[in-house]
Amino acid sequence: MRIVIKPEQQEVAAWTANYIIEKINAANPTTDNPFILGLPTGSSPVMAYKEMIKRHQQGEVSFKNVVTFNMDEYVGLDEHHPQSYHAFMHDHLFDHIDIPKENINILNGNAADLAVECQRYEDKMKSYGGIDLFLGGIGPDGHIAFNEPGSSLVSRTRVKSLNYDTIVANARFFDNDVTKVPTTALTVGVGTVMDAKEVLLIITGYNKARALREVVEGGINHMWTVSMLQMHQHAILACDDHATMELQAQTVKYFKEIEEVILGNGPK
Ligand code: GLP
């Protein structure tokens, strides 16, 4: 696991956007061989999306040959509802870049048969040879996508009931009214994320500090589903200083020093 620590959220966003853009450009994707990018919603990626849009407008990256798969979507919320993840993605990213409509994949939380929809999604990812880079965020309870505490660490895309903490956390997007938050969602599984060639998570703010500690310093545990990334060969956590507040000082020092070595500033 690589942990990149920057002082503030803005720097994390710039680093993340740059990392994704460099990956896309290095892959030199074509129509027949597109770059497959997994994407999250939530507040964590918003600044990174802004940065990606800016860099796209400056002509530094094209999304013409990028195919995206979003992590999750509420069940039963119209896709035009302002808080649907469909609407979120269009507002915060897709409407501002050159990605073709047909390259965008988001789970349909209104499908007649939700189990069939989940299988279709898994099959479609496989048909592209899997996800090249899965960007994500985490919940304060260490969940990824909607893989709440107790989720199987080998889970696949499925219907999931949301727990009370997540419903309360997401109420801020629904007029702070918990009764308006959908209680069920479709989500990729922990196993689905683990199958990605690379996983990059944005973890910022003090409210993620306990989760970061459990995920990095604790053992692999289904109560903190992101901890499964300890078993991933290419996982990066992009954090701000605030999120690292519960880590041991030596853990922070260790990962900051590694980044210095990567930058060529190793011991002389
Ligand atoms: C929701 C989403 C997750 C997201 C999490 C954290 O539960 N399903 O994908 O990572 O919220 O959201 P935020 O980034 O707003 O803290």
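Scroll up for the structure.
Residues numbered from 1 in each chain as written. Predicted model: local features only at pLDDT ≥ 70, side-chain atom pairs only at ≥ 80, totals over all residues. Heavy atoms only, no water.

Thoughts on the overall build of the protein
Then, in step 1: A count of helices and strands for the protein gives eight helices and ten strands.
Then, in step 2: A globule of 268 residues ought to have a C-alpha radius of gyration of about 18 Å, and the protein, at 18 Å, matches this closely.
Then, in step 3: Dimensions of the protein, computed from C-alpha atoms along their principal axes, come out at roughly 60 × 40 × 35 Å.
Then, in step 4: Put simply, the protein has 268 residues, and 54% of those count as buried.
Then, in step 5: For the protein, the accessible area works out to roughly 12200 Å², and carbon and sulfur atoms hold 52% of it.
Then, in step 6: Distance between charge centroids for the protein: 3 Å, based on 23 positive and 34 negative side chains. (Helix = DSSP H or I, 4+ residues; strand = E, 2+ residues; numbered from the N terminus. Rg over C-alpha atoms; globule rule 2.2 N^0.38 Å. Buried < 20%, exposed > 50% of the residue type's maximum accessible area, 1.4 Å probe, protein only. Areas by Shrake-Rupley, 256 points an atom, 1.4 Å probe, with all protein chains shown as cover. Lys, Arg positive; Asp, Glu negative; His and termini not counted. Charge placed at Lys NZ, Arg CZ, Asp CG, Glu CD.)

Section: the sheet that holds strand β8 (residues 184-187)
Then, in step 1: Spatially, the three strands line up as an open sheet ordered β4-β8-β7, and their pairing is antiparallel. Of all the strands in the sheet, the pair left with one neighbour each is β4 (72-74) and β7 (158-161). Each strand axis lies, on average, 30° off the axis of its neighbour in the sheet, ignoring direction.
Then, in step 2: When β4 meets β8, the two strands line up antiparallel, connected through three bridges. Bridge pairing in β8 places D72 opposite T187. (Pairing = 2+ DSSP bridges. Axes fitted to C-alpha atoms, helices over the stretch in contact; angles between N-to-C directions.)

Focus on the nonpolar core
General note: in soluble globular proteins, nonpolar side chains tend to be found buried as a group.
Then, in step 1: Formed by 42 residues in total, the largest nonpolar core has its most connected members in F134, V188, L201, I203, L212, L229 and L237.
Then, in step 2: Of all the elements in the fold, those that place two or more residues in this core are β1 (2-6), β3 (66-70), α4 (114-127), α6 (190-194), β9 (199-203), α7 (209-217), β10 (235-240) and α8 (249-262).
Then, in step 3: Apart from the residues lying within four places of it in its own chain, the contact partners of I203 are I138, K208, L212, L237, A238, C239, D240 and A243.
Then, in step 4: Within the second largest apolar cluster, 34 residues are counted, among which are W15, V46, M89 and I202. (Core = buried A, V, L, I, M, F, W, Y, C linked by side-chain atoms within 4.5 Å. Contact = heavy atoms within 4.5 Å.)

Considering the layout of surface pockets
Then, in step 1: Volume-wise, the largest pocket comes out at about 570 Å³.
Then, in step 2: Taken together, 33 residues make up the lining of the largest pocket; nearest its centre are G42, S43, I138, N170 and R172.
Then, in step 3: At the level of secondary structure, the elements contributing two or more residues to the lining of the largest pocket comprise β4, α3 (85-92) and α5 (164-170).
Then, in step 4: Top contributing element to the lining of the largest pocket by residue count: α5, with four residues. (1 Å grid on protein atoms, 1.4 Å probe; cavity = no way out; pocket = protein on both sides within 12 Å on 5 of 7 lines; lining within 4 Å. Points joined across faces, edges and corners; volume = space filled by probe spheres on them.)

What to know about the pattern of salt bridges
Then, in step 1: Overall, the coordinates contain 13 salt bridges when judged by the stated rule.
Then, in step 2: Ionic pairing is found between K253 and E257, a salt bridge with its closest N-O pair at 2.8 Å. Here E257 and K253 lie together in helix α8, a separation of four residues that amounts to about one turn.
Then, in step 3: For K253, a relative accessible area of 52% corresponds to the exposed category.
Then, in step 4: When salt bridges with common partners are traced through the structure, they connect E122, R156 and D195 into a single cluster. (Salt bridge = Lys/Arg side-chain N within 4 Å of Asp/Glu carboxyl O.)

Comments concerning the side chain of H143
Then, in step 1: Along the chain, the position of H143 falls in the loop between β6 (133-136) and β7.
Then, in step 2: Within polar-contact distance, the side chain of H143 engages the side chain of D141 at 2.6 Å.
Then, in step 3: Sequence-distant contacts of H143, defined by excluding residues within four places in its chain, comprise G137, I138, E148, T166, T225 and V226. (Polar contact = N/O pair within 3.5 Å; in protein donor to acceptor, adjacent residues only side chain to side chain.)

Comments concerning the packing of aromatic side chains
Then, in step 1: The tally for this structure, following the rule as stated, stands at eight aromatic pairs.
Then, in step 2: Consider the rings of F69 and Y121, whose centres lie 5.4 Å apart with planes at 75°: the pair is edge-to-face. Placement of the pair is F69 in strand β3 and Y121 in helix α4, with a sequence separation of 52 residues.
Then, in step 3: F69 sits in the buried class, given a relative accessible area of 0%.
Then, in step 4: Their ring planes at 85° and their centres at 5.0 Å tell us that Y254 and F255 sit as a pair that is edge-to-face.
Then, in step 5: With relative accessibility at 49%, the residue Y254 sits in the partly exposed group.
Then, in step 6: Taken together through their ring pairs, the aromatic side chains of Y74, Y85, F146 and F174 make up a single cluster. (Phe/Tyr/Trp six-rings, centres within 6.5 Å; stacked < 30°, edge-to-face > 60°.)

Some words on the site of the ligand
Then, in step 1: Near the ligand, the surroundings consist of 13 residues, among which S43, S44, D72, R172 and K208 are the closest.
Then, in step 2: Between R172 and the ligand, the recorded distance is 2.7 Å, taken from a side-chain N or O atom to an oxygen atom.
Then, in step 3: Burial of the ligand by the protein amounts to 95% of the accessible area it has alone, namely 390 Å².
Then, in step 4: More than half of the atoms of the ligand fall within 2 Å of the grid points belonging to the largest pocket.
Then, in step 5: Of the residues assigned to the shell around the ligand, the class counts are four nonpolar, six polar and three charged. (Near = heavy atom within 4 Å. Sits in = over half its atoms within 2 Å of the grid points. Nonpolar A, V, L, I, M, F, W, Y, C, P; charged D, E, K, R; others polar.)

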